[in-house]
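An overview of the molecular structure
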Amino acid sequence: LSSTPSSSDSSGTQTHTTVPKTDKPSVELYVYTYCPYGLQMEKAMIPVVKLLGDKINFKIRQIGAMHGDYEKVEAQRQLCIEKNYPDKLLNYILAFAEDTSCSNGADSCVATKVNSLYAKLGIDANKINSCMTSQGQSLYDAEVANANSKGATGSPTLIINGVNSQADRSQ
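Here goes a summary of the coordinates provided. (Residues numbered from 1 in each chain as written. Predicted model: local features only at pLDDT ≥ 70, side-chain atom pairs only at ≥ 80, totals over all residues. Heavy atoms only, no water.)

A separate point is unusual backbone geometry. The omega torsion of the bond from Ser-155 to Pro-156 falls at 5°, within 30 degrees of zero and hence cis. Along the chain, Pro-156 falls in the loop between helix H6 (136-150) and strand S5 (157-160). Unlike most non-glycine residues, Asn-161 shows phi in positive territory, near 50°. Along the polypeptide, Asn-161 turns up in the loop between S5 and strand S6 (163-165). According to the relative accessible area criterion, Asn-161 is buried, its value standing at 17%. (Helix = DSSP H or I, 4+ residues; strand = E, 2+ residues; numbered from the N terminus. Buried < 20%, exposed > 50% of the residue type's maximum accessible area, 1.4 Å probe, protein only.)

For the structure on display, the rule yields four aromatic pairs. When the ring of Tyr-34 is compared with that of Tyr-70, the centres are 4.7 Å apart and the planes differ by 85°; the resulting orientation is edge-to-face. A residue pair is termed long-range when its members are at least 10 positions apart, and Tyr-34 in the loop between strand S3 (26-31) and helix H1 (36-52) and Tyr-70 in helix H2 (residues 69-84) qualify at 36 residues. Judged by relative accessible area, Tyr-34 falls into the buried class, the value being 7%. Since its relative accessible area comes to 22%, Tyr-70 is described here as partly exposed. A network of ring pairs unites the aromatic residues Tyr-34, Tyr-70, Tyr-92, Phe-96 and Tyr-118 as a single cluster. The ring of Phe-96 carries the charged tip of Lys-113 above its face, separated from the ring centre by 3.8 Å. Above the ring of Tyr-85, the side-chain terminus of Lys-127 is found at 5.4 Å from the ring centroid. (Phe/Tyr/Trp six-rings, centres within 6.5 Å; stacked < 30°, edge-to-face > 60°. Lys NZ or Arg CZ within 6 Å of the ring centre and 35° of its normal.)

So, in structure tokens, the structure goes:
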């Protein structure tokens, strides 16, 4: 992870921004739920976040849906899990990211995968489905607006203490 992330300005010139140091860093990981690169980053980051515990403020943020409507549905599902089971969200996302068997978003495959994860993690499917029906769209819209306001358009985008940071990912 670079402490002086670089980016190109409108003229193509490389610019560097220093990430401010804090006692408890704020880290936001912006992803599309089915993006292979976002999934790689989630698999790399979540174990580290678990090790750091309360020494970091970490949040996975949704960018929107690039790969299809099924990606929007999964984003809403993850937002509803976060709302109703915040202590189970990272375990759900990690398990979701590790199982790429439903990478095309086929409904029957996803339903089986998600129901298995719910059972494994003790998540009430009815509670999540109710949230998705009543609040899923508004939670999703708020996330997309947030991503747009932060300039997070690529998956993954890592923002540390308010600064868009460069981070390499590996498989």
